[in-house]
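Structural overview
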Amino acid sequence: MATDTVSTPVTTRRHGKVLVVSVDNPPVNALGVDVRRGLVSAIDAAQSDDAVAAVLIVGAGRNFIAGADIREFGKPPLPPALPDVCKRIEACSKPVIAALHGAALGGGLEVALAAHYRLAVNGVKLGLPEVQLGLMPGAGGTQRAPRLIGAGPALELMLSGRQVGADEALALGLVDRLGRSDDTLAEGLAYAQELLAANAPVRRTRDAQGLADRDASRAALDAARADVAAKSRGLFSPQKIVDAVEAALELPFDEGLRLERTLFQQCIASPQRTGLIHAFFAEREVAKAPETKLAQPRPLASAGIIGGGTMGAGIAVAMLDAGMTVTMVERDDDSLARGRSNVEKVYDSLVAKGRMTAAAKAAVMARFSGATAYDALSQADLVIEAVFEDMAVKKAVFAALDRVCKPGAVLATNTSYLDIDAIAASISRPQDVLGLHFFSPAHVMKLLEIVVPARVNADAVATGFELAKKLRKVAVRAGVCDGFIGNRILAVYRQAADHMLEDGASPYQIDEAVREFGYPMGPYQVADLAGGDIGWATRKRRAATRDPRTRYVEIADRICESGWFGEKTGRGYYLYAKGSRSGTPDPEVFAIVDAERKRAGITPRIFDNAEIMRRYLAAMINEGANVVHEGIALRPLDVDVTFVAGYGFPRHRGGPMKYADTVGLPQVLADIREFANDDPLFWRPSPLLVDLALRGKDFDSLNQAA
Ligand code: T1G
Ligand code: NAD
């Protein structure tokens, strides 16, 4: 065994004639500056050591290399740049082999592509996910990948950002060999020995012939360009990726590399990069709630669901998909049968689409059982209540759970608005009660608000976060208030939209402005999708406590009074032709709006889309600041993740609070103060916003401080 040489986090060790270069930079071996320097030194060492005939690059820990160090972006770049590191690896005159396990993503895959041979073991995840960060491969990936696997497959990988496993990587030609075991080092060394024994030459990817069929490459480029134009909805980097791959086809390698660099710098400079990287890290920060550091989660093998309606059934599917055992309790046999069929419907449609076998469905449903008696839940680790949004009904359910559930069972409610402290106080074990607020459809929507009442134990909250991980949800910790984080803020910016509607804008123009901003849908399309009856019930419930001085727009009530609840009734704000999910403007809605304006004595005025968004976002940001100020959300980034994961806020803008920072808090505050001239009661600047603007701080300063 030869001696160790050069610096950490990259170490080298000679195994016979093979120099093993090991990257060890926890947690994911990101290509920070020390790793880059270490790789260059290692190749230089190999180059100058006659005893070395080949180089094997491996990653220590769970991954090969998960890419460039994302935390370095936006900071002054330190040499060597990653493209130069890759060039150095590729130029090595001795065969360089990369042995891949775990994540080999972004710059990590680019390092592997610069190597001359690639081996992967089972469980590997290869990909070029830069587009998900508002970036593009910037270390040769756009030039080497198309040459290795062809323009079509390379474009698909870079534009989707998806990860591929070992078998697909081999089929694509991304790797040359699959290891028989998961001992990456041993498999890599064996492959290196075999190559040496076969006198395998240095094989540079820059010379690979994946682009030889120009017509096919051109066709793939044209298809990708059309796809990006149709689907990228204003995203910046997808276009740059296509431009770079076009350069791979049209330009010599080194010129293509130079153009890639230029395009990459443009992506770095784009605000979308800032927004998407903020979203990446924010989603990881929200999972680190104080309670998860204080306590270990309780067991989570079996769960009970009370209520098999829209939410109960969706939550049951999410849990079954995560491998849990689920018992649903309903009021009576008919309701239970309906609940079971709501669950089965999801799997039947997967079977019908060929995305699930009947046997797999049967195996999943074998973990599902139903009952009308609560005793069936005596051994459940966790029970989630999703019955009617009525305090008396919910308290009765919790009384029953208090009676039958085992000590230590976590008792959760999926209520959207009701006071969870009151529910907890109604039973003998408030320390086990918390809110688990899913979003519809619960087996699809990523967001899960974990609502923390005053008397809950930390391990019950930690169990909520553990459940979120198990269900692959993005969990955000929220305090108890009317509507928690999401629905509370939604109610305010929806009011701002209704004010503009009554003052002269149309629901269709408002939806258009919101879509232009990057949302998939506007607020009136969302209302029609969710069903106007739910909001109507909430408004009626709130009527008794509404401050009579505040402005109340009755247009939505008029529409609901007509029985128009949206898609489920064929009309709401839009008209829906039979079987169609896309609505058309409804002349009768215009009539209702005109009548309400007359009743309110309002002369309509013109709004342009820019003003619509200034008002819509100012309301959202201001209430977001109130939610942080009151401690309902721990930090501004918790509000951002809530809206990106659960309310369609465009991810490339990072979230409402991040967006506010890009606009500048003084500007947001100025807007609110301008709007307050007409309605000082609605537009009351949040004390937090005023304070931060005064001190020249932004919301991100609070994220850093936490
Ligand atoms: N840079 C810096 N930190 C990173 C990182 C990265 N690339 N990847 C992960 N982390 C941190 C993360 O914030 C967390 O920190 C911890 O590692 C564990 O991550 C030139 C431009 C690899 C699949 O997009 O997809 O290369 O919260 O919780 O679930 O072309 O992390 O503990 O403090 O996610 O096991 C391209 C991003 C970069 C991959 C592991 N690469 N990472 O998942 O753990 S751009 C990526 C992931 C690039 C070049 C370009 C996942 C993972 P903390 P985790 P995980
Ligand atoms: P739903 O009307 O579709 O289903 C409620 C189910 O509860 C019905 O099947 C009913 O039979 C059952 N039920 C009522 N009383 C019961 C009892 N005592 N024991 C057992 N079962 C009983 O309602 P939903 O939309 O699924 O909403 C359920 C809860 O989830 C509500 O608190 C709601 O506010 C909340 N929520 C709804 C949404 C949404 O978009 N629908 C989103 C988040 C949260």
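We now turn to the structure provided with this report.

**Some remarks on the site of ligand 2**
- Lining the immediate environment of ligand 2, one finds 25 residues, of which Met311, Glu330, Arg331, Glu389 and Lys394 sit closest.
- Interatomic distance of 2.5 Å between a side-chain N/O atom of Glu330 and an oxygen atom of ligand 2.
- Tyr374 is positioned with one of its side-chain polar atoms (N or O) 3.3 Å from a nitrogen atom of ligand 2.
- If ligand 2 stood free it would expose 830 Å²; the protein chains cover 82% of that surface.
- Going through the elements one at a time, helix H13 (310-321), helix H16 (391-404) and strand S16 (433-438) are the ones with two or more residues in the shell around ligand 2.
- Among the elements that take part in the shell around ligand 2, H16 stands out by supplying three residues, more than any other.

**What to know about the packing of aromatic side chains**
- The final tally for this structure, using the stated rule, is 18 aromatic pairs.
- For the ring pair Phe439 and Tyr647, a centre distance of 5.4 Å and an interplane angle of 75° mean the geometry is edge-to-face. Taken together, the residues Phe439 in the loop between S16 and strand S17 (447-452) and Tyr647 in the loop between helix H26 (636-646) and helix H27 (656-663) connect sequence positions 208 residues apart.
- Here Phe439 falls in the buried class, since its relative accessible area comes to 9%.
- Where Tyr519 meets Phe649, the ring centres are 5.6 Å apart and the plane angle is 75°; that geometry is what we call edge-to-face. Separated by 130 residues along the polypeptide, Tyr519 in the loop between helix H20 (507-517) and helix H21 (523-530) and Phe649 in the loop between H26 and H27 bring together distant segments of the chain.
- Assessed through its relative accessible area of 4%, Tyr519 is described here as buried.
- For Phe649, a relative accessible area of 2% translates into the label buried.
- Cluster of aromatic residues (ring-pair linked, three or more members): Phe439, Tyr493, Tyr616, Phe643 and Tyr647.
- A cation sits over an aromatic face here: Lys540 above Trp536, 3.7 Å from the ring centre.

**Some words on the site of ligand 1**
- The environment of ligand 1 is formed by 28 residues, the closest being Ala66, Gly107, Glu110, Arg284 and Lys288.
- Contact between ligand 1 and Glu130: an oxygen atom at 2.8 Å from a side-chain N or O atom of the residue.
- Here an oxygen atom of ligand 1 and a side-chain polar atom of Lys288 are 2.7 Å apart.
- When contributions to the shell around ligand 1 are tallied by element, the ones reaching two or more residues are strand S6 (103-105), helix H3 (107-114) and helix H11 (271-285).
- Grouping the amino acids of the shell around ligand 1 by side-chain chemistry returns 16 nonpolar, four polar and eight charged.

**Here we look at the side chain of Ser237**
- Structurally, the position occupied by Ser237 is in helix H9 (residues 237-250).
- With relative accessibility at 3%, the residue Ser237 sits in the buried group.
- Setting aside its immediate chain neighbours within four residues, Ser237 contacts Val131, Gly134, Leu135 and Cys267.

**Concerning the environment of Val175**
- Relative to the assigned elements, Val175 resides in the loop between helix H6 (166-172) and strand S10 (177-178).
- Given a relative accessible area of 2%, Val175 falls into the buried group.
- When the C-alpha atoms of Val175 and Pro666 are compared, they prove to be 52 Å apart, with 491 residues separating the residues in sequence.
- With residues near it in sequence (within four places) discarded, Val175 still touches Leu100, Arg118, Ala120, Leu126, Ala169 and Leu170.

**Focus on the sheet that holds S6**
- Taken together, three strands build an open sheet; the order of strands is S6-S8-S9 and the sheet is mixed. Here the strands that pair on one side only, and so sit at the sheet edges, are S6 and strand S9 (163-164).
- In this structure, S6 lies alongside strand S8 (residues 125-127), joined through three bridges in parallel fashion. Across the sheet, the residue bridging to Leu105 is Gly127, located in S8.
- Lying over the sheet, H3 contacts S6 and S8, oriented at roughly 85° with respect to S6.

**Considering empty space enclosed by the protein**
- Taken as a whole, this structure holds one cavity of 30 Å³ or more when the rule is applied.
- Put simply, the largest cavity is a space of about 40 Å³.
- Residue lining of the largest cavity: Ala279, Ala282, Glu283, Asp640, Val641, Val644, Ala645, Arg651 and Gly654, and that is the complete set.
- Within the residue set of the lining of the largest cavity, elements represented by two or more residues are H11 and H26.
- Here the element with the most residues in the lining of the largest cavity is H26; it accounts for four residues.
- Of the residues belonging to the lining of the largest cavity, the class tally is five nonpolar, one polar and three charged.

**Section: unusual backbone geometry**
- Of note, the bond from Pro26 into Pro27 is cis; its omega dihedral lies within 30 degrees of zero at 10°.
- Looking at the element boundaries, Pro27 is found in the loop between strand S3 (18-23) and helix H1 (33-48).
- Backbone torsion omega between Ser440 and Pro441 reads -5°, so that peptide bond is classified as cis.
- Along the polypeptide, Pro441 turns up in the loop between S16 and S17.

**Some thoughts on the packing of helix H4 (residues 141-149) against helix H5 (residues 151-160)**
- Orientation of H4 relative to H5, taken along the N-to-C sense of each, is 135°, at an axis distance of 7 Å. By the criterion of interaxial angle, the relationship of H4 to H5 is oblique. For the pair H4 and H5, the sense of crossing is right-handed. Mapping the contact onto sequence places Gly141, Thr142, Ala145, Pro146 and Ile149 in H4 and Ala151, Pro153, Ala154, Leu157 and Met158 in H5.
- Its residues assigned to classes, the contact of H4 with H5 shows eight nonpolar, two polar and no charged.

**So, the packing of helix H8 (residues 214-231) against H9**
- The N-to-C vectors of H8 and H9 enclose an angle of 170°; their axes lie 10 Å apart at closest approach. It follows from the interaxial angle that H8 and H9 lie roughly antiparallel. In this structure, H8 crosses over H9, and the sense of that crossing is left-handed. Only Pro238, Gln239, Val242, Asp243, Val245, Glu246, Leu249 and Glu250 of H9 make contact with H8, whose side of the interface consists of Arg214, Ser217, Arg218, Leu221, Ala224, Arg225 and Val228.
- Considering only residue class, the contact of H8 with H9 consists of seven nonpolar, two polar and six charged.

The rules we used
- Counting restarts for each chain: residues are numbered from 1 in the order of the written sequence.
- Chains and ligands are labelled sequentially in the order written, the chains with letters from A and the ligands with numbers from 1.
- In keeping with the model being predicted, local features are shown solely for residues with a pLDDT of at least 70 and side-chain atom pairs are shown and tallied solely at 80 or more, while totals for entire chains, interfaces and linings include all residues.
- Hydrogens and water are ignored here; the side-chain numbers use all heavy atoms of the structure.
- Here, proximity means that at least one heavy atom of the residue falls within 4 Å of the molecule or strand.
- Contacts described as polar in this section are N or O atom pairs within 3.5 Å, which, within protein, must combine one atom able to donate a hydrogen with one able to accept it, while residues neighboring in sequence count only if both atoms come from side chains.
- Throughout, the Shrake-Rupley method with a 1.4 Å probe supplies accessible areas, and for residues the shown protein chains are the sole cover considered.
- The helix count covers DSSP runs of H or I at least four residues long, the strand count covers runs of E at least two residues long, and both are numbered beginning at the N terminus.
- Stacked, edge-to-face and tilted labels apply to pairs of Phe, Tyr and Trp rings (six-membered ring for Trp) whose centres lie within 6.5 Å, assigned for plane angles under 30 degrees, over 60, and everything in between, in that order.
- Only protein chains enter the area calculation, which uses a 1.4 Å probe; residues under 20% of their type maximum are buried, those over 50% are exposed, and those in between are partly exposed.
- Only lysine NZ and arginine CZ atoms are considered, and such an atom sits over a ring when it is within 6 Å of the ring centre and within 35 degrees of the ring normal.
- Polarity classes work like this: nonpolar for Ala, Val, Leu, Ile, Met, Phe, Trp, Tyr, Cys and Pro, charged for Asp, Glu, Lys and Arg, and polar for all others, with Gly in that last group.
- Any two residues whose heavy atoms approach within 4.5 Å at even a single point are treated as in contact.
- Note on pairing: two strands pair once DSSP finds at least 2 bridges between them.
- The angle between two axes is taken between their N-to-C directions and runs from 0 to 180 degrees, where each axis is a line fitted to C-alpha atoms and a helix contributes only its stretch in contact.
- Grid spacing is 1 Å over the protein atoms alone, the probe is 1.4 Å, and a cavity is where that probe fits but cannot get out, while a pocket is an open set with protein on both sides within 12 Å along at least five of seven lines and lining residues have an atom within 4 Å of a point.
- Grid points are joined across faces, edges and corners, and a volume is the space filled by probe spheres set on the points.
- Reported orientations rely on four angle classes, namely roughly parallel under 35 degrees, roughly antiparallel over 145, roughly perpendicular from 65 to 115, and oblique for the rest.
- The crossing is said to be left-handed when, going from far helix to near helix, the turn is anticlockwise and less than a right angle, and right-handed when the turn is clockwise.

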